[in-house]
Amino acid sequence: MARHYVNKCTESRVCVHELLTDFQDRVKVPFGTKHLDACLCVPASVKHVHTAVILTHGAGGDMNFRHLVSLAHTLASNGFFCLRFTCKGLNLAYRVKAYHAVWHYLKSLQKFTVKHIFVGGRSMGCRAAAALARQLSDESEDAVQGVICLSFPLHPPGQTHAHRQRSEDLRGLPEHMPVLFVSGTEDNMCDRVLFEGMVKEMKAQVEVFWLNGGNHGLTRIMAGEPWNKVKIPFPSAVSSVRIHFNHKTDVNVKSLLVENEKVLKLIRSEILQTEIRLLYELLYILNNSFKGNKTFKGLKQVEQCINRLKNMKLNDALQELTDLCPNRIQRGLSIKAGECDVPSQPMLEWLCLRVLGAAHLMSCTLNRCSRAFVLSKQQMKWEEFVILNVVITSLLSRLWVIFRGVLASLSNLYQQLLEFLRDVAEVHPMPFLTGFSLPRDMTAFLGPSHALLLTKQPTNDAKDHKEKQQRRKKSSVKVKNRGKTKKVKEDLGVAIERDLVLDADMKPFLKIFRNLTEGKSLPQESHKAEKKQIFKEQVGEAATFTAMATHLEEMILWCKSQKMEKEKRLLNFLHLKCQRMKCLEAAGYNVQRKLRSFRQEACRAFSPQWPVLNTFSSSATMRRNAHPRTRFQSLRRRLKSPIVSIGVKKKQVKRRRKRTELPVSGPSDDDDQRSRTIYEATSQTTDCNSHDDIDDIFASVGL
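A short tour of the structure in this document, coming up. Here the structure is a predicted model, which means the values were calculated and not measured.

**Quick word on the overall build of the protein chain**
Working step 1: For the protein chain, the helix and strand inventory stands at 29 helices and 12 strands.
Working step 2: Each of the 703 residues in the protein chain was classed as buried or not, and the buried ones make up 39%.
Working step 3: In the protein chain, the proportion of contacts linking residues at least 24 apart, taken out of those at least 6 apart, comes to 76%.
Working step 4: For the protein chain, the exposed surface amounts to about 43000 Å²; the carbon and sulfur share of it is 54%.

**Things to note about the sheet that holds strand S2 (residues 34–41)**
Working step 1: Spatially, S1-S2-S4-S3-S5-S6-S7-S8 is the arrangement adopted by the eight strands of the open sheet, whose pairing is mixed. Every interior strand has two partners, whereas the edge strands, strand S1 (24–31) and strand S8 (205–211), have only one. When the angles between neighbouring strand axes are averaged without regard to direction, this sheet yields 20°.
Working step 2: Summarising the sheet, strand S5 (residues 116–122) and strand S6 (residues 146–150) pair through five bridges and their orientation is parallel. Considered in S6, the bridge of Val119 is made with Val147.
Working step 3: Helix H4 (residues 92–107) rests against S1, S2, strand S3 (51–56), strand S4 (81–85) and S5 of the sheet, and its axis sits at about 120° to S1.
Working step 4: Docked against the sheet, helix H5 (residues 124–139) engages S3, S5 and S6, running at close to 145° with respect to S5.

**Thoughts on helix H21 (residues 545–561)**
Working step 1: Between the first and last C-alpha of H21 there are 24 Å, a value that for 17 residues agrees with the 24 Å anticipated at 1.5 Å per step.
Working step 2: All buried positions along H21 are accounted for by Phe545, Met548, Ala549, His551, Leu552, Met555, Ile556, Trp558 and Cys559.
Working step 3: In the stretch just after H21, Lys563 is the one whose phi turns positive, near 60°.

**Topic: unusual backbone geometry**
Working step 1: Positive phi is not limited to glycine here, since Ser123 has a value of about 55°.
Working step 2: With respect to the helices, strands and loops of the structure, Ser123 is situated in the loop between S5 and H5.
Working step 3: The phi angle at Ser151 is positive, at roughly 55°, despite the residue not being glycine.
Working step 4: Mapped onto the elements of the fold, Ser151 is located in the loop between S6 and helix H6 (163–166).
Working step 5: Overall, Ser151 belongs to the buried group, its relative accessible area being 0%.

**Let's talk about the packing of aromatic side chains**
Working step 1: This structure, assessed with the given rule, holds seven aromatic pairs.
Working step 2: Geometrically, the ring pair formed by Phe81 and Phe112 is tilted, given 4.7 Å between the ring centres and 50° between the ring planes. Of this pair, Phe81 sits in strand S4 while Phe112 sits in the loop between H4 and S5, placing them 31 residues apart in sequence. As far as the burial class goes, Phe81 and Phe112 line up, both buried.
Working step 3: The ring of Phe65 has Arg122 sitting right over it, with the charged end atom 4.4 Å from the ring centre.

**Looking at the nonpolar core**
Working step 1: Formed by 69 residues in total, the largest nonpolar core has its most connected members in Leu279, Met362, Leu399, Leu410, Leu417 and Met442.
Working step 2: By residue number, the principal contributor to this core is helix H15 (residues 386–427), which donates 16 residues.

**Points about the pattern of salt bridges**
Working step 1: Evaluated as defined, the whole model comprises 14 salt bridges.
Working step 2: Between Arg134 and Asp169 there is a salt bridge; the shortest N-O distance is 3.1 Å. Residue Arg134 is located in helix H5, and its partner Asp169 is located in helix H7 (residues 168–171); the two are separated by 35 residues in the primary sequence.
Working step 3: A relative accessible area of 28% means that Arg134 is categorised as partly exposed.
Working step 4: Across the salt bridge formed by Glu303 and Lys300, the nearest N and O atoms sit 3.3 Å from each other. Here Lys300 and Glu303 lie together in helix H11 (residues 294–312), a separation of three residues that amounts to about one turn.
Working step 5: Residues participating in the shared-partner salt-bridge network are Arg164, Arg171 and Glu201.

Rules used throughout
Residues numbered from 1 in each chain as written. Predicted model: local features only at pLDDT ≥ 70, side-chain atom pairs only at ≥ 80, totals over all residues. Heavy atoms only, no water. Helix = DSSP H or I, 4+ residues; strand = E, 2+ residues; numbered from the N terminus. Buried < 20%, exposed > 50% of the residue type's maximum accessible area, 1.4 Å probe, protein only. Contact = heavy atoms within 4.5 Å. Areas by Shrake-Rupley, 256 points an atom, 1.4 Å probe, with all protein chains shown as cover. Pairing = 2+ DSSP bridges. Axes fitted to C-alpha atoms, helices over the stretch in contact; angles between N-to-C directions. Expected span 1.5 Å × (residues − 1). Phe/Tyr/Trp six-rings, centres within 6.5 Å; stacked < 30°, edge-to-face > 60°. Lys NZ or Arg CZ within 6 Å of the ring centre and 35° of its normal. Core = buried A, V, L, I, M, F, W, Y, C linked by side-chain atoms within 4.5 Å. Salt bridge = Lys/Arg side-chain N within 4 Å of Asp/Glu carboxyl O.

So far we have only geometry, and geometry alone does not tell us how the molecule works.
Spelled out as structure tokens, the structure:
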């Protein structure tokens, strides 16, 4: 019965959005100090249902995995409770504890009377379900009625030695426990031979359902087709047969070898190998800094196709065809003898499958090259990556041209293989393919979208020939050398008009060209310039840091809408700095000097010639760097005799006391402000190093 529901789930297309309103109810399952997210699918006839199914996800994902959702709603529509939950974690013991908490929660529900519970899950979830069923079956036989395992991970990919450890809980299940397995034939985490050996060792009642062509995600992949496998099984029949050989057969074999040599020449070409090495170098360089970039992902997809082509070993298969076919001398002798050894029908059919698989891979590679080219072209407007994108687009263009040539050569080779296969099958019929028929041509196999790639565009050959003759006559000149007249071909190029100015300035032209490529028009540029000018005027008129912060926030939003990332980052930094000064201003500090320097920094944010480092440098640092000699002079002045320095200090103190003398009635706010202004003026006129001594600082205040 469980198998019936699983089959119905995988074959049917359930509209989840419609079923959510009828059956789904989200709940929180207590688990220690936290809660697990869960979803309960309730059938329509709630009162008479006593059987429930618990499902959970694998190592990556959650309870909203499409197969779990579809299976839950199918079970609910057929009269079963279904509770699926999410438990993030890669520790199997932790997952088993969470599963036990969900099982206990379902048993303790007072609204429903649950008598029978089935546990299951997908991938790592079914491992946790099997472990829980083994634990509960030792305590009570009626605790769990059965186990459902979707894509059981018998071993990690490529590590078949771990199958004994992962199947320990399944082998420990009791005899009365039914277990259902649903796995794909192309699952790289469940070797079929090892899995069948594990099933024989199990004591429980086991039923297995294999999804033909399904992977670990239980989705059918094209690898189920015989031509789309990396390693197509080699035919066990004889590789060559002896047939009657005549001139017609000689022409067919010769044409087959010519087309086969073209494909081998393209695959083995040094140009293709160089481009592949360049692709690997680019991916190695971009691996750390461009992992989330769409262009990088497109290049990775192209690399996957190239690696698959290498793993197919098409080069070895075509070389074997060359070795089996008779060469020119053998064909001449075979015509006289009347018979010759040629590749057999199973061998030719096997080669046809390899060629079909390679052609489909080439079409997929062309699509991925085009997609990556479009993505890289869209990023051309990023000036900091323009050189990188130029290299990527040129690489993808060359790869596209080479792979298109390989695809066209494979199409011609496939036609020659079919013609020769018909001749051999008539004499020695030994069919190798039983459930698959070879397509009549490559266009019918790939579809109409690639038909233009396999055919050459018609051209007017006569007109082109006349144009070539006229070009040769114009470009040929007679040169006398040692009494002999020779014709020397010279590439004169295209005549151009040179201006009198030798040093032509290309910057205005390049700027206009860049604006056009970026999709910007001159009115948009003028609008941006006006907006920047208005911002500078607002910054210049801002009297407080509060007003400055308001103008900066408006400008940051405008830069974000215009996609000006560099200016937006700079303004964000200035906004943070402005917020700090705004707090000081609210506390009552005098920040007018800082406000003046901040105005200059804000105005420089939209100056393209101003370096970024100078924008962030403080005014105090600039003043220190501007007067290194003054500091050295102050050090020398401090080392002079104390008598001279004391006399000078007394005169300076008297002078400052006269200027900063306060009234007897006490300092008011206006007088305090006036004294600060007088003090700032005197500090600017006197030497900047007069405040080095603590006595001078107190004397300047009037103490």
